[in-house]
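Here are the chains, one letter per residue:
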Amino acid sequence: MNTQIKQILKDHSLRHTQGRADIISVFLNKNVAISHSDIEAEMDSQYDRVTIYRTLKSFLEKGLIHKVLDDTGTMHYALCDDACSEVEHQHDHIHFKCNNCGETTCLENVHIPKVSLPSGFSYEESNYLITGTCDKCN
Ligand SMILES: [Zn+2]
Ligand SMILES: [Zn+2]
Ligand SMILES: [Zn+2]
């Protein structure tokens, strides 16, 4: 049993199950934003759609992963850094979609510029996607 995965589950007060551990290891191996079907493909139909869906949902709630919107319209997910918790997600970083390899990555150190909303609008979440060519393809 991978100690890094064990620690991640512990840090987010998630009970250890094989399914959770396996899905975290997919995130750790990929290191880019991945979709539900990417996970399914990696799992070799070991877990059904519902199990994967529920696992992702609990990871989102616990601040372990965050949603990444790219231009395909398919929801992708990426691991959060340590700042996120069950209480709230704490990041305002930009996502970068490479038009060459098609991969979307978190640019943790590039922050979304603050915008001020008109009165009557309240902020919840923002998504900022930049497309171009990534460092690996350049
Ligand atoms: Zn987060
Ligand atoms: Zn690329
Ligand atoms: Zn991200």
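Computed from a predicted structure; not experimentally measured.

A. Spotlight on the nonpolar core. Ranked by size, the top nonpolar core spans 21 residues in total, and within it Ile23, Phe27, Ile39, Leu56 and Ile65 carry the most contacts. Mapped onto this core, the elements with two or more residues apiece are helix 1 (3–11), helix 2 (18–30), helix 3 (36–43) and helix 4 (49–61). Ranked by residues supplied to this core, first place goes to helix 2 with 5 residues. Not counting residues within four places of it along the chain, the set of residues in contact with Ile39 comprises Ile23, Phe27, Ile34, Ile52 and Leu56.

B. Local environment of the UniProt feature "binding site: Zn(2+)" (unreviewed entry) in the protein chain. The sites that carry the UniProt feature "binding site: Zn(2+)" (unreviewed entry) are, in the present numbering, Cys98, Cys101, Cys134 and Cys137. A maximum C-alpha distance of 8.2 Å among these annotated residues, which run over 40 residues, shows that they cluster at one spot. With respect to the helices and strands, Cys101 occurs in the loop between strand 4 (93–98) and strand 5 (104–111). Accessibility expressed as a relative area gives 38% for Cys101, which makes it partly exposed.

Thresholds applied
- Residues numbered from 1 in each chain as written.
- Chains lettered and ligands numbered in written order.
- Predicted model: local features only at pLDDT ≥ 70, side-chain atom pairs only at ≥ 80, totals over all residues.
- Heavy atoms only, no water.
- Core = buried A, V, L, I, M, F, W, Y, C linked by side-chain atoms within 4.5 Å.
- Buried < 20%, exposed > 50% of the residue type's maximum accessible area, 1.4 Å probe, protein only.
- Helix = DSSP H or I, 4+ residues; strand = E, 2+ residues; numbered from the N terminus.
- Contact = heavy atoms within 4.5 Å.
- UniProt positions renumbered as here; feature names shortened; annotations may be inferred.

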